[in-house]
Amino acid sequence: MPATEKDSQPGLFRPAWTLAQRELIRFFRQRSRVIGAFGQPLLFWILFGAGLKNSFQAPDWSQMLGRPLSYQEYFFPGVAVMIVLFTAIFSTISIIEDRKEGFLQGVLVSPVSRLAIVLGKLTGGMCLSLIQAGIFLALAPLMGIQANLLQWSAIFGFLALLAFTLTALGFVMAWPLDSTQGYHALMIMLLMPMWLLSGAFFPGGESGWLSWLMRLNPLTYGVAALRRLLYWDYPLPVSAGLPSMGVSLLVTVIFASTCIGLSVALVSRQSERNVR
Amino acid sequence: MFASTPAIAVRNLSYSYLDRRALDGVSFSVTEGEIFGLLGPNGGGKSTLFRILSTLLPVQTGTVSIGEFDVTKQQRAVRGLLGVTFQSPSLDRKLTVRENLQHQGVLYGIPKAELQARIVSNLTALGVADRADQLVGKLSGGLQRRVEIAKSLLHRPRILLLDEPSTGLDPGAILELWSHLRELRKQMSLTILVSTHLLNEAENCDRLAILHLGRLVALDTPSSLRSSVGGDCLTIQSHDAGQLAILANDITSRLGVSVQKVGDVLRIERGNGLDLLRDIMSEFGSSITSVTLGKPTLSDVFVQRTGQTLSAAE
């Protein structure tokens, strides 16, 4: 065959960003999604916050704050993480739709690197998470949580990492599935318990089986890091439900790398699942 | 690249799903600039072959190369050479036509400076430029199909894979599509591989590979395939379908011609069909409803090679 023109390489970031943009456009064109990923956590926060107010026993570390810790305030970073988790679920459930609607096969036959396909999805999920969690976190002063610009940058930087991680986790779960019902089952049996046992919803105590489940749960370290960043100025002691900042970051980075690696491996595998 | 390198070379390719064998030792090669057809019923193996060529499915046994690249070892290079138009649309229905093509352009590494102009010229060539800013989901099936093709040609592939291109198109649009494809072939020495189960579409191909039950049962130009059948083709219908086998025997013993029973009709290939037609009518006229005499079609080729009609094989 005669050479026609020089083969152009699609690169990594440009295709990843175009796929991420597509996620954003689709999200904003579907109003119900906007309400689902943000409204439910907000509702949980208001209702659980009011309902559990009197039965809540604040963890020991709250004594460092020098003021009583209300349940609504304890629950606050947990709801932010829930928004990130729900957004990750909504972003990755679309993998199943993309495959059914045929869009995915068009992407898979293109010369774009499989990492770019994964990064596109994750970046889209991350942007949506940051927008929604950002709106929620604007309520922080209501809880008596004050933060300066540097602190907010750190908070958003960490949320970006966490959103990347959870979207990658959703990616790994959604990719092998061929129905959204299957995803719902995984969400209820795996993702919700993971969130419940992360210290987001209740402190797990310092001993007993529950505290061990929490220690083994990678999301515990995500919630802890966010909590520590919100209480930047207070030297909160390390405990089972609140690991140190260094450990939290390390676990989250390892968790993220594992999920991203698995995602890329899954996308790279040629499979009958991907054809229509 | 060398002129001797075929655009597509498939050698001894077999593929099995968990429960069945879809391709069984298929070999062929496609010359550069050729319009090559894969004809066969649904389930004959052409979809599996199409998916292996487009890199969606792995090569299990055998080898496949696209241009000078191996589809297993050099996937990325292969993907860059190919344009793929799927039967089921790969467009995002919630995006506009232009947005879909923009994403496509980036995925194929088309420089930013060129992209907009290319989108416009591709949409114009397929007659859908006026739809650029409409949501794909709002377009008719035929228009979506054209956008799909414009999308797969955007990066000026050297080889275009088209799966059942006529799906959802009206006859006028099919004619237009084919004249456009021939034009493209001329302009950019595009190689086109079409999979189809429609005979009139297969007629548009320079060469045809007929796939049946995962095997390649014929490979030649449409006209050579037709002339391989014989001069004329007689099709006989009887009012008593139950007696067809007996009738077939009687014709063979009295007139000395071989008769093929295909479904509810009898088929006879014959150098001079007109004489035979007269003989059959005078001998068996009473038990025959109708006899048709015609030049062989690709349908007859399929019947001759597989013993089944194309529609019955599905």
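Residues numbered from 1 in each chain as written. Chains lettered and ligands numbered in written order. Predicted model: local features only at pLDDT ≥ 70, side-chain atom pairs only at ≥ 80, totals over all residues. Heavy atoms only, no water.

A. Representation of empty space enclosed by the protein in the model. Taken as a whole, this structure holds five cavities of 30 Å³ or more when the rule is applied. Taken together, 13 residues line the largest cavity, and the ones lying closest to its centre are Glu23, Asp98, Leu104, Ile117 and Lys121 of chain A. For the lining of the largest cavity, the secondary-structure elements that each account for two or more residues are α1 (13–29), α3 (71–101), α4 (103–108) and α5 (114–137) of chain A. When grouped by side-chain class, the residues that make up the lining of the largest cavity number eight nonpolar, one polar and four charged. When its volume is computed, the second largest cavity comes out at roughly 70 Å³. In terms of lining residues, the second largest cavity is bounded by Leu108, Arg114, Val267, Ser268, Arg269, Gln270 and Asn274 of chain A together with Thr55, Leu56 and Arg79 of chain B. The residue makeup of the lining of the second largest cavity, split by class, is three nonpolar, four polar and three charged. (1 Å grid on protein atoms, 1.4 Å probe; cavity = no way out; pocket = protein on both sides within 12 Å on 5 of 7 lines; lining within 4 Å. Points joined across faces, edges and corners; volume = space filled by probe spheres on them. Helix = DSSP H or I, 4+ residues; strand = E, 2+ residues; numbered from the N terminus. Nonpolar A, V, L, I, M, F, W, Y, C, P; charged D, E, K, R; others polar.)

B. Region of the structure containing the pattern of salt bridges. Counting across every chain of the model gives 22 salt bridges over all chains. Two residues, Asp130 of chain B and Arg131 of chain B, come together in a salt bridge whose shortest N-O distance is 4.0 Å. Taking the relative accessible area as the measure of exposure, Asp130 of chain B reaches 60% and is therefore exposed. Connected through shared salt-bridge partners, Arg22, Glu23, Arg26, Asp98 and Lys121 of chain A together with Asp92 of chain B make up one network. (Salt bridge = Lys/Arg side-chain N within 4 Å of Asp/Glu carboxyl O. Buried < 20%, exposed > 50% of the residue type's maximum accessible area, 1.4 Å probe, protein only.)

C. Molecular detail of the environment of Ile95 of chain A. Residues and elements named next belong to chain A. Among the secondary structure elements, Ile95 is positioned in helix α3. Classification of Ile95 as buried rests on a relative accessible area of 2%. With 79 residues separating them along the chain, Ile95 and Ala174 place their C-alpha atoms 6.6 Å apart. Those residues within four positions of Ile95 in sequence are excluded, and the remaining contacts are Leu104, Lys121, Phe171, Ala174 and Trp175. (Contact = heavy atoms within 4.5 Å.)

D. Quick look at the domain arrangement of chain B. Per the domain assignment, the segments of chain B are domain 1 (8–225) and domain 2 (231–295). Relative placement of domain 1 of chain B and domain 2 of chain B: their C-alpha centres are 41 Å apart. (Domains from an automatic or database assignment.)

E. Structural detail: the sheet that holds strand β4 (residues 61–66) of chain B. Residues and elements named next belong to chain B. The strand order across the open sheet built from four strands is β2-β1-β4-β5, with neighbouring strands paired in antiparallel fashion. Strands with a single pairing partner mark the edges of an open sheet, and in this sheet they are β2 (21–30) and β5 (69–70). Pairing of strand β1 (residues 8–16) with β4, which is carried by five bridges, proceeds in the antiparallel orientation. Looking at β4, one finds that Ser14 is bridged to Thr61. The strands touched by helix α1 (residues 46–53) within the sheet are β1, β2 and β4, with β1 carrying the most contacts at an inclination of about 120°. (Pairing = 2+ DSSP bridges. Axes fitted to C-alpha atoms, helices over the stretch in contact; angles between N-to-C directions.)

F. Region of the structure containing the side chain of Ser110 of chain A. Counting through the fold element by element, Ser110 of chain A comes out in the loop between α4 and α5. Residue Ser110 of chain A is classed as buried on the basis of its relative accessible area, which comes to 0%. Not counting the four nearest positions on each side in its chain, Ser110 of chain A is found in contact with Arg79, Leu107 and Tyr108 of chain B.

G. How the structure looks around the sheet that holds strand β12 (residues 260–262) of chain B. Residue and element names in this part refer to chain B. Strand order in the open sheet formed by four strands is β12-β13-β11-β14, and the pairing between neighbours is antiparallel. Of all the strands in the sheet, the pair left with one neighbour each is β12 and β14 (290–294). Pairwise comparison of adjacent strand axes, ignoring direction, gives a mean angle of 25° for this sheet. The pairing of strand β11 (residues 232–237) with strand β13 (residues 265–270) spans five bridges and is antiparallel. By the bridge assignment for β13, Thr235 is matched with Arg267.

H. Spotlight on the environment of Gly141 of chain B. The topology assignment puts Gly141 of chain B in helix α5 (residues 141–153). Here the alpha-carbon distance between Gly141 of chain B and Gly263 of chain B, two residues 122 residues apart in the chain, equals 34 Å.

I. The packing of aromatic side chains, seen in detail. All names here are of chain A. According to the stated counting rule, one finds 22 aromatic pairs over all chains in the structure shown. Ring geometry for Tyr71 versus Phe75: centroids 5.3 Å apart, planes at 20°, classification stacked. Here Tyr71 pairs with Phe75, and both are found in helix α3, just four residues apart, close to one helical turn. Residue Tyr71 is classed as buried on the basis of its relative accessible area, which comes to 3%. Relative to Phe201, the ring of Trp195 has its centre 5.5 Å away and its plane inclined at 35°; by these criteria the two rings are tilted. Here Trp195 matches Phe201 in class, with each residue buried. In this structure an aromatic cluster arises from ring pairing among Phe44, Phe48, Phe56, Trp61, Tyr71, Tyr74, Phe75, Trp195, Phe201, Phe202, Tyr231 and Tyr234. Here the guanidinium or amino end of Arg22 rests over the ring plane of Phe103, the centre of that ring lying 3.7 Å away. (Phe/Tyr/Trp six-rings, centres within 6.5 Å; stacked < 30°, edge-to-face > 60°. Lys NZ or Arg CZ within 6 Å of the ring centre and 35° of its normal.)

J. Focus on the pairing of strand β10 (residues 215–220) of chain B. Residue and element names in this part refer to chain B. Taken together, the five bridges between strand β9 (residues 207–212) and β10 define a ladder with antiparallel strand orientation. Along β10, the bridge assignment pairs Leu211 with Leu216. Where β9 folds back on β10, the antiparallel hairpin that results is connected by two residues, among which Leu213 adopts a positive phi of roughly 50°.

K. Up close: the confidence of the model for chain B. Overall, the predicted model of chain B reaches an average pLDDT of 88, with 98% of residues at or above 70. Both scores are available for the predicted complex, with the pTM at 0.85 and the ipTM at 0.84. (pLDDT = per-residue confidence, 0-100.)

L. Looking closely at the pairing of β13 of chain B. Residues and elements named next belong to chain B. Examined bridge by bridge, β12 and β13 share three bridges and lie antiparallel to one another. Note on β13: the bridge partner recorded for Gln260 is Arg267. The turn linking β12 back onto β13 is made up of two residues, and Gly263 within it adopts a positive phi angle of 60°.

M. Main features of the side chain of Asp163 of chain B. All names here are of chain B. You can see Asp163 is positioned in strand β7 (residues 159–163). Within the buried set, Asp163 has no salt-bridge partner at all; the shortest N-O distance to an opposite charge, 5.9 Å, is to Lys46. Excluding residues within four positions of it along the chain, Asp163 makes contact with Phe50, Thr85, Phe86, Gln87, Arg145 and Ser195. (Lys, Arg positive; Asp, Glu negative; His and termini not counted.)

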